[in-house]
Structures are given as C-alpha cells and as structure tokens.
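Below, each chain spelled out in residue letters.
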Amino acid sequence: MTTVAALSLFPNLVFRPSYKFCSKKVGVRDGFKVLAVFGEGASELERKSSSNVWGAIFDVEDPGPRRTQLVSGKLLDVNQALEVARLDLQYCDWRARQDLLTIMLLHDKAVEVLNPLAREFKSIGTMKKELAELQEELAHAHQQVHLSEARVATALDKLAYMEALVNEKLLPEQKDKGTSGPTSEPEYEIHSPTTSSRNASQLQTKSQRRSLNVSGPVKPYNPCLKNFWYPVAFSSDLKDDTMIPIDCFEEPWVIFRGKDGQPGCVQNTCAHRACPLHLGSVNEGRIQCPYHGWEYSTDGKCEKMPSTRMLNVKIKALPCFEREGMIWVWPGTDPPKATIPSLLPPPGFRIHAEIVMELPVEHGLLLDNLLDLAHAPFTHTSTFAKGWPVPSLVKFLTPASGLEGYWDPYPIDMEFRPPCMVLSTVGISKPGKLEGTSTKQCTTHLHQLHVCLPSSRQKTRLLYRMSLDFAPWLKHVPLMHLLWRYFAEQVLNEDLRLVLGQQDRMINGANVWNWPVSYDKLGIRYRLWRDAVERGADRIPFTKQIDSGL
Ligand code: FES
Ligand SMILES: [Fe+2]
C-alpha cells in the first residue's frame, strides 16, 4: 500500500491532489513552520487537508536573504519546500560559522592578553591539567599511528593479492597452448587474506573460472619433465669402487665410476636375467653382475661375458656428468642441454653437510612443503622454529625473478630452481632468533640446497646440502656429520608426517591446493611451472637460467 503525504506552509488552502506544502509564520522572528498532511491517495489527501489535520514537520527559523519569496500560507510543491529547507540549512550553517569566527577572535584576544601572565603564574594544577591534555593528544596520535599501520598492512595485503593476480595472468595463456601432456587443463585460484566483501566477491568470481587441482592417485611421471639435468648423488659418496643405486622416474639405475674416473649411470638390471647390478661390484671401471659375472662399462656396453661366447649386448645408459660436487643425469629423450644449473652456495660459504634420504612421498608434495615457510611456527615447534611467534602476516616477495625472493618477516631468501631444487639462505642474527631482519642485515648465514629427485611413483630421493659462512672449525669436529644428519632428520620428520597425510588424502581425491592464499605464492608458481612443462607449453613461466657450461 502506498502512503502519500501532503505538506503545507500554513494556512491550509485548496490544492490539487498529491504532495502539498504550506508555510505559517510562527512565533520566532521571520520564521516559518512547515506542515504536512498524510493520506492514501489524492482524494484522501484532499479530504484530510480540508479537515485541517496538518502536522508540523519542521520549522524554518529564518529563511535568509530569499525569505521575501515566501508568503505565509502559500502552497508549495515538494521541490519548493525542500528548497526552503535547504536555504534554511545553508543560512544556519553560515551563521554558525560567523559565530565560531567571532568566538575564535575573542579567544585569540583573550590569549593575547592573558598569556604572559599565565606563563608566569600558571598553577601546578593548571600544568597538570595541560599535561593530561597533552597525554590525551599523544594517546590519540598513537592511535592514529596504529590505524596507519593497519592501513599499511592492508595495502601490503592488497599488494600481495595483486601479485597473486599477476601470477594468475599467466594461466590463460597456458590454457590456450598445446595439450600434449596427459594431465588435465590447469585450474587455479589464489585466495587473498583480505576479508573485504569486494575482494571476496572478486575471488568468488574467479573461483568460478579457475582453481588449481592437485588430487587423485599419483600419476606416472610426464615424459616432458624428464628433459632436464637432474642431480642424483653427491660426488663425495661415489668412490672408485662404489655403486649408487637410484630410482629415477620410476626406473632403477646404478651409478659408478669408469676407468677414467668419470661417473656413468646405467640401468640397474642385468641384460642376461634381470639381476640388480648394484648387488655386484666394480672392477676396473666396469660394473659386474653378481649372478653370472657379466660386466658393463659406463656407457652400458657389456664388455665381459664369462663362460660363454661374447655377444653384442648393451643396456640403457643415461648421459651423466659430474659438476661442482654432484653427479647429474639427463633422463629425458630430448638431446641434453649444453649447460647445467649451478647449485653452489655463494662465495664465503663452506659446505658442512651432504645428506641423502629416500622419502615415501611424491616429489611435488615435498617441493610444495619446502617452498612454504608459513608453516614453520606451527610445524617445527620442536626444532628450528621452537618459540617462534606467529606473525600477523607472512609474505613471499619476488623482486628479482618469478621463482626467487625473500620471506617477510623472516630473514630467509628462497628460490625454486627447476626442475626440482630449492635453494635458501637463512640469516642468523642470534641462535634461535630468526625474525625481524633481512638476510643482508645478518652477519652469519646458513645456506641450504634441497634436491627432490622424482624416483618412484610415491618416492623422492632427497639430496640435502648445508653450508655456513661462519664457524669453519665445525668441519673438523669429530662425528659432526652425524649431528647434522640428526638435525636434518628431526626437521624433516616434522614435515613428513604431515605430507604423508596429505598424500593419503590426495590419492583419495582431496585437492592439496584447494585453497591457496598469498603466502603460498612460491609453491603455486612451482605448480604453474610444472604444469606448463608437462603440457609442453611454448612459453614456460618464471624461467631463468643460472647455468654452468659442460
Ligand atoms: S643375470 Fe646378470 S649375468 Fe646373469
Ligand atoms: Fe617444514
């Protein structure tokens, strides 16, 4: 039901239906009273208006310079009535300003007169009062500063969100590119920690478009992922007569040194009857099968076949090189690249530990974990992050390259180096205290290399190298390497139980990237990089080469 109102400037006269106004001179000087009558339509209004059931709506004390236009009892339409009210308001406002100006002038005069006296004879009580007022002002200023900080935090938050959106922009391009890989179309979504409804609705819109889905049983490795140089072992572990069996992309291989001392990598399955070769031995640069004694050189050629006529037999061998203390192989079918990445720590560091572990998780899940620092105060509560407070905001900032940056508020630089490496430099200002400074401000540092070699379907061969730019004498402490290994295993075990749980759920259909937020940036970028490689995209995002020639 529609209720209509008629307004009137007193007195009530005959008027047409709909809204009417009337003015009436009231007791105040030059004032008007605006009256109204309410009804259910024109006829109702006319009836009520004729029966004088007007109600006062507001007073116009002084309509100002245009008051001559108003005549008592004149009927006005809605716009005219509102114009009256508006003029009145403007006039009152102007008058208030005049009054305020007058007060200020008077105040200034009073201060001018009294101040010299006040300075000399100000009582302690007055001073206390003024001090209290100053303190109040200071508290107010502090409050403003906190508000500003909050605004800055929000701005940073938005910045992180914008960065995430920029990352996302790379995806549509990938979607348009080839789909040679067996994986499904990438779907991706980043959730900002910002809680504003605007962003929430934006994200909701986005989520309808894309979301990153990493779920389901671990698939066979995509062949495109093999076309990289992979570090598989530390040089120090490969003596002239030792063999290192590895699984690489779900195939068993064995590494040993040839006659010339150069490493070789051959399939770990004898051509004769499939015996594991690493159970044998290395003689004069050849690996000997423990079953019937067949011997293979580093290029896979069988050079000895005891007790039978020699046949032309060759087993598979991978291109294999030794660089900067590591053994590298090329498992792919493409021709090997002429350069391999350099993984050495920066100058001034000394390597203190090289540790290898076989872990029962898919290498991507382990990389996701290593590329995330926000979990530290929750997960590593018994090791390096013991006692760390939980920051109000954790961010990964990438000023130089898409896969390299630093963590805020931690003094930690981090980089994902394709295809499966994580490099990090940790600034140590005080033992156990990591917060609050950048790596450059710290005088001592720890450098870490994690290589996550895809070995079997749900297994990763982890190569961990730790270097320090201080305390070189630690290298000479007996059994120190055991202590480093103990520390590394403690830290890793804190992660492993969680990642194993993720893997179980992922296999059963849960999405391990269901709800990424801004501090997940580096992990998401790794997934974007990997997705592009596996699909054979023409342009691989975030690529950067820091290579050393072969
Ligand atoms: S199985 Fe290797 S020599 Fe027979
Ligand atoms: Fe961790």
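Whatever comes next refers back to the structure up there.
Residues numbered from 1 in each chain as written. Chains lettered and ligands numbered in written order. Predicted model: local features only at pLDDT ≥ 70, side-chain atom pairs only at ≥ 80, totals over all residues. Heavy atoms only, no water.

Student: Sorry if this is basic, but what is going on with the pattern of salt bridges here?
Tutor: Between side chains of opposite charge, a pair can form when the charged atoms approach closely. Inspection of the entire model under this criterion finds 15 salt bridges. Between R286 and E303 there is a salt bridge, with its nearest N and O atoms 3.7 Å apart. Here R286, found in strand β11 (residues 286-288), pairs with E303, found in strand β13 (residues 302-304); they are 17 residues apart in sequence, far enough to count as distant. Relative accessible area serves as the criterion here: at 7%, R286 is assigned to the buried category. Classification of E303 by relative accessible area gives partly exposed; the value is 37%. Where E415 meets R417, a salt bridge forms, and the shortest distance between an N and an O atom there is 2.6 Å. No difference in accessibility class separates E415 from R417, as the two residues are buried. What you see here is one network of salt bridges that share partners, running through E284, R286, E295 and E303. (Salt bridge = Lys/Arg side-chain N within 4 Å of Asp/Glu carboxyl O. Helix = DSSP H or I, 4+ residues; strand = E, 2+ residues; numbered from the N terminus. Buried < 20%, exposed > 50% of the residue type's maximum accessible area, 1.4 Å probe, protein only.)

Student: Would you explain the coordination of the iron ion (ligand 2) in this entry?
Tutor: Ideal geometry at a metal centre: 109.5 degrees between donors when four sit tetrahedrally, and 90 or 180 degrees when six sit octahedrally. Around the iron ion (ligand 2), the protein contributes the donor atoms H375 (NE2), H380 (NE2), D495 (OD) and D495 (OD), which lie 2.0 to 2.4 Å from the metal centre. Considering all four donor atoms around the iron ion (ligand 2), the spread of angles at the metal, 57 to 144°, places the coordination shape in the irregular class. Linear spacing of the donor residues for the iron ion (ligand 2) on their chain is H-x4-H-x114-D. The pair H375 / H380 is uniform in exposure class, with both members buried. (Donors = N, O, S within 2.8 Å, 3.2 Å for Na, K, Ca; no water. Tetrahedral: all angles 85-135°; square planar, octahedral: opposite > 155°, others 65-115°.)

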